[in-house]
Structures are given as structure tokens and as C-alpha cells.
Amino acid sequence: MNVAFLGLGVMGGPMAGHLASAGHRVSVYNRTRSRAEDWAREHAGSIAATPAEATRGAELVFACVGNDDDVRAITLAPGGAFEALEPQAIFVDHTTDSATLARELDAAARARGAGCLDAPVSGGQSGAEQGRLTVMVGGELAAFDRARPAMEAYARKLVHLGPTGSGQLAKMVNQICIAGTLQGLAEGLHFAKQAGLDAHAVVDAISQGAAQSWQMDNRAATMLEGRYDFGFAVEWMRKDLGLALDESRRNGAKLELAELVAEFYAEVDAQGGRRWDTSSLLARLSSPDGER
Ligand SMILES: NC(=O)c1ccc[n+]([C@@H]2O[C@H](COP(=O)([O-])OP(=O)(O)OC[C@H]3O[C@@H](n4cnc5c(N)ncnc54)[C@H](OP(=O)(O)O)[C@@H]3O)[C@@H](O)[C@H]2O)c1
């Protein structure tokens, strides 16, 4: 298929690469052109100067940028993808952003006779590189069925969850669950150290039982080493919890723990941890102010 990919960051770059490897004709756009040039050295594809140029003639247009404002900048702003979105084309937004924006984009796509899917992902950098992402999709089922074969190039699990916005709402559930799990893990490790236990041995013992989690398996060791210079940035988690808290004010959900953890992440950010991995909640507890 003729496809476009807008945003070649940590996630978008490898995803676009999988589309090229699967044999699609990929036109890429990245705000910082040198990143697109790096991508094109490794993968077959052409570089476009604007999102509109990348989108012209594409049957599927994928995007993975930062937040709501960034998505607006590459879609609805002058030179944006929606200027050139072909009737019958489908715009697939892999960015984690708001359900409100998903509805706005869907209406704008419909006005051009095109389709739109909100399709945030989970699985992190390694999931993107290995083509093993989970994709949570909202929008019309017919559009999902058409876009699905291409998305299989980088997905291990692709789930259609309902009408427009459902993908973003599901991703909020994912982030709410992770926030509580990570704070629990950080407190457990902090307690183990304060109690004078060998924290590595404790993790080894409890990781086969009911306390086991993806975070424990993949982050406990680096947390105990105080290493946070990788992974999923605090900056993005703050955005994601903000989206969930905004949505909860609309739907009445009580997000007591997520609200608290969002405040903790603001403190980690103030501590200099904006680009640290989200497991850095332990750094907050271990800092002189956090030591209780
Ligand atoms: N990293 C993860 O583990 C992970 C996991 C799941 C979901 N996500 C979500 O996936 C999205 C992308 O994350 P990422 O880690 O790939 O981010 P990233 O590495 O920071 O890349 C962001 C991309 O968006 C582009 N961009 C940002 N603002 C823009 C704007 N105003 N106009 C045009 N392009 C813009 C950047 O272009 P430049 O190159 O010019 O800066 C870059 O290509 C986020 O919504 C994030 O929450 C990330």
C-alpha cells in the first residue's frame, strides 16, 4: 500500500521501519529533517517536506508525535496532513492524546470523505523495535478492518474497543493501572532497603508470587541500581495521567491513587527527572526529602 508516517521518534521511527520492511511504499515526515534522513538511510522510503506532502496519495496515514497540540500541528494546521487527506484514506493516530481530540480528528476526516482511528500503543521502545506493540483502537470497525493488516507489521495485539475515542480511553486505563503498580513497587523496594534487607533477594523471592508484575520483572533491578536514563519518560506519564484525570472529571470516576501519583511525578520532574523512566518514583522516596 501507499502509506505515510508522520513523527519518527522513539516509537514512530521503528514502527515506520516495520511498514517499510513489510513491503509498503512509505513516505515519512519528521519535523527535524535530519531524523528523517537517518531513518531513510536504514529503510526504504521517501522523505516529505511537510505532513501534507507525505499524505498526498497515501491510503493509510499514520502519526505518532507527542501530545494534543503536536497532533493538531501536523494535521489541522496549514501544511498539515488533513489538507491532503484523500477521500477513502484512513488517518491512524498512534499518539497518546485526548479522546476529545480523537473526536475532533474524526469529524475533520469525515468532512473530507476519509476515515479516522485513534490507536495509541503500549509496549514501549522495545515493543516498537521488536514489532510487538499492543494497539488499542477506537473508530469505525470498517476502517479498523482496512488498516489492520498494515498495523500487524508492528503489533502483537490489535484490539478494536469501540467508537471514536475508545482507544484513547483504554490507554488511560493502562496508564492508571501502571501508576499504582509502580508506586507500590517503589514503596516496596524503599521499605526493603530501610528494613536492612537484601532487596535483590527479596525481589527474587516475591517475583514468583502474587506481587509479580511487568514492572517488577523489567524495572526492579534498574531501580535498585538507581538507573533511570532510559525507557518511558516521566514527561509523557505526566501528560497521560493528566489526560486520565481530565477525563475522570467528565465521567465521574474516582482516581484517588492516580491523582496522588501524578503529584509524585511532578516532584520527580522538579527533581530533574523529566526524561527519566517512570520507575524513578523510587528516586523521589530515596531523595533526602523523601527519606522518612
Ligand atoms: N516512548 C514510549 O515508551 C511510549 C510508549 C507508549 C506510548 N508512547 C506515546 O507515543 C508518542 C510518541 O512518543 P515517543 O517516545 O516516540 O516520543 P519522542 O521520541 O519524543 O518523539 C516525538 C516525535 O514527535 C515529533 N513532534 C513532537 N512535537 C511535534 C510538533 N509540534 N510538530 C511536529 N512533530 C512533532 C518529534 O519530532 P522531532 O524529531 O522534530 O522532535 C518526534 O518525531 C507519545 O504520545 C507517547 O506518550 C510512548
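All figures in this text were calculated on a predicted structure; none of them were measured in a lab.

Of note, the phi angle at Q88 is positive, near 85°, even though the residue is not glycine. Summarising the element assignment, Q88 is placed in the loop between α4 (68–75) and β5 (90–93).

Counting buried positions along strand β8 (residues 133–138) gives five out of six residues, so the element sits mostly inside the fold. In this structure, β8 lies alongside strand β9 (residues 155–162), joined through six bridges in parallel fashion. Paired with V135 across the two strands is L158, which belongs to β9. Chirality of the crossover, the property in question, places the unit of β8, helix α7 (residues 141–151) and β9 among those that are right-handed.

What follows deals with the packing of helix α8 (residues 166–194) against helix α12 (residues 256–273). Orientation of α8 relative to α12, taken along the N-to-C sense of each, is 65°, at an axis distance of 9 Å. With respect to their mutual orientation, α8 and α12 come out roughly perpendicular. Here α8 runs over α12; the crossing is left-handed. For the pair α8 and α12, contact is made by I176, A179, G180 and Q183 and by L257, A258, V261 and F264, respectively.

Glancing now at the nonpolar core. Soluble, globular proteins show a tendency: their nonpolar side chains are buried together. Grouped together as the largest cluster of nonpolar side chains are 86 residues, with contacts concentrated most on V61 and F91. Among the elements that take part in this core, α8 stands out by supplying ten residues, more than any other. Two domains each donate at least three residues to this core, and these are domain 1 (2–163) and domain 2 (169–286). Discounting chain neighbours no more than four positions away, the residues touching F91 are V61, A81, L85, L105, A109, A114 and C116.

What follows is about the site of the ligand. By nearness alone, 24 residues border the ligand, and G9, M11, R31, T32 and D70 come closest of all. Sort the elements by how many residues they give to the shell around the ligand and α4 lands first, with three residues. Among the residues making up the shell around the ligand, the classes are represented as ten nonpolar, eleven polar and three charged.

Two elements in contact, α8 and helix α11 (residues 234–251), have axes separated by 9 Å at closest approach and are oriented at 115°. Relative to α11, α8 is oriented roughly perpendicular. As α8 runs across α11, the sense of the crossing is left-handed. On α11, the residues touching L169, M172, Q175, I176 and A179 of α8 are M237, D240, L241, L243, A244 and E247. Of the residues in the contact of α8 with α11, the class split is eight nonpolar, one polar and two charged.

This part is about the domain arrangement of the protein. Taken as a whole, the protein is organised into domain 1 (2–163) and domain 2 (169–286). Here the C-alpha centroids of domain 1 and domain 2 sit 29 Å apart. On the side of domain 2, ten residues touch domain 1, which itself brings nine residues to the contact. Here the side of domain 1 that touches domain 2 is built from residues that sort into four nonpolar, five polar and no charged.

As a further point, take the pairing of strand β1 (residues 2–6). In terms of residue burial, β1 counts as a mostly covered element, since four of its five residues are buried. Across five bridges, β1 lies against strand β2 (residues 25–29) in parallel orientation. The residue bridging L6 from the neighbouring strand is Y29, located in β2. Where the polypeptide runs from β1 across helix α1 (residues 12–21) and back to β2, its parallel neighbour, the crossover connection is right-handed. Alignment of β1 against strand β4 (residues 60–63), held across four bridges, turns out to be parallel. Bridge pairing in β4 links A4 to V61.

Thresholds, definitions, all that
Residues numbered from 1 in each chain as written. Predicted model: local features only at pLDDT ≥ 70, side-chain atom pairs only at ≥ 80, totals over all residues. Helix = DSSP H or I, 4+ residues; strand = E, 2+ residues; numbered from the N terminus. Buried ≥ 20, exposed ≤ 12 C-beta atoms within 10 Å, placed from the backbone. Pairing = 2+ DSSP bridges. Right-handed = clockwise from strand over helix to strand, strands pointing away. Axes fitted to C-alpha atoms, helices over the stretch in contact; angles between N-to-C directions. Parallel < 35°, antiparallel > 145°, perpendicular 65-115°, else oblique. Left-handed = near helix turned anticlockwise from the far one by under 90°. Contact = placed C-beta atoms within 7 Å. Core = buried A, V, L, I, M, F, W, Y, C linked by C-beta atoms within 7 Å. Domains from an automatic or database assignment. Near = placed C-beta within 6 Å. Nonpolar A, V, L, I, M, F, W, Y, C, P; charged D, E, K, R; others polar.

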